[in-house]
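# Examination of the molecular architecture
One-letter residues, chain by chain:
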Amino acid sequence: MPGEKTCKDVHGADVRVGSQVRVLDIDPRIIDPLPRREQRDIRSLKGCVLEVDEIREPCAYVMAEWDRGDGLSESHRFPLWPEHMEVVEA
């Protein structure tokens, strides 16, 4: 689609809003300032497939949510640089 924002994955494939990407790694600048539990949560996403919800070149933004029980949940939204993701075929 003309004017659609895109970025690239580790293999040079186009990444768009709605793309499914496998998390290969997460930049330590995202994780290091967080409390330990949140660091563990985000590190646990390596290897997971998440949907891209925004593109801000050169990054794709994804979100993950954790059920904390008793009706509570916590979410994190963070960027993935090209070397940290690969597009997964639908």
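Our subject is the structure that appears above.
Below is a summary of the structure that appears in this document. (Residues numbered from 1 in each chain as written. Predicted model: local features only at pLDDT ≥ 70, side-chain atom pairs only at ≥ 80, totals over all residues. Heavy atoms only, no water.)

## Concerning the overall build of the chain
When its secondary structure is counted, the chain shows two helices and seven strands. Ordering the α and β elements of the chain from the N terminus gives β-β-β-α-α-β-β-β-β. Rg of the C-alpha trace for the chain: 13 Å, near the compact-globule value of 12 Å for 90 residues, within the 12% margin. Here the C-alpha coordinates of the chain stretch approximately 45 × 25 × 20 Å along the principal axes. Expressed as a percentage of its 90 residues, the buried residues of the chain come to 34%. (Helix = DSSP H or I, 4+ residues; strand = E, 2+ residues; numbered from the N terminus. Rg over C-alpha atoms; globule rule 2.2 N^0.38 Å. Buried < 20%, exposed > 50% of the residue type's maximum accessible area, 1.4 Å probe, protein only.)

## A short note on the pairing of strand β6 (residues 72-80)
Pairing analysis gives nine bridges linking strand β5 (residues 59-69) to β6, with the strands arranged antiparallel. Bridge pairing in β6 places D67 opposite S73. In this antiparallel pair of consecutive strands, β5 and β6, the connection spans two residues, and D70 shows a positive phi of 55°. (Pairing = 2+ DSSP bridges.)

## Comments concerning unusual backbone geometry
Residue P58 follows E57 across a cis peptide bond; omega there is 5°. In this model, D70 sits at a positive phi of 55°, which is unusual for a non-glycine residue.

## A few points about the pairing of β5
Bridge count for strand β4 (residues 49-56) against β5 is four bridges, and the pairing is antiparallel. Residue pairing across strands places E54 opposite Y61, the latter belonging to β5.

## Re the sheet that holds β5
Pairing is antiparallel in the open sheet, where five strands are placed in the order β6-β5-β4-β3-β7. The sheet is open, and its two edges are formed by β6 and β7 (85-87), each paired on a single side. Geometrically, the sheet is characterised by an average inter-axis angle of 45° between neighbouring strands, direction not taken into account. Sheet topology note: the strand β3 (residues 20-23)/β7 ladder contains three bridges and is antiparallel. For V21, the partnering residue across the bridge sits in β7 and is V87. Where helix α2 (residues 36-43) meets the sheet, its contacts fall on β5 and β6, and the angle it forms with β6 comes to roughly 65°. (Axes fitted to C-alpha atoms, helices over the stretch in contact; angles between N-to-C directions. Contact = heavy atoms within 4.5 Å.)

So far we have only geometry, and geometry alone does not tell us how the molecule works.
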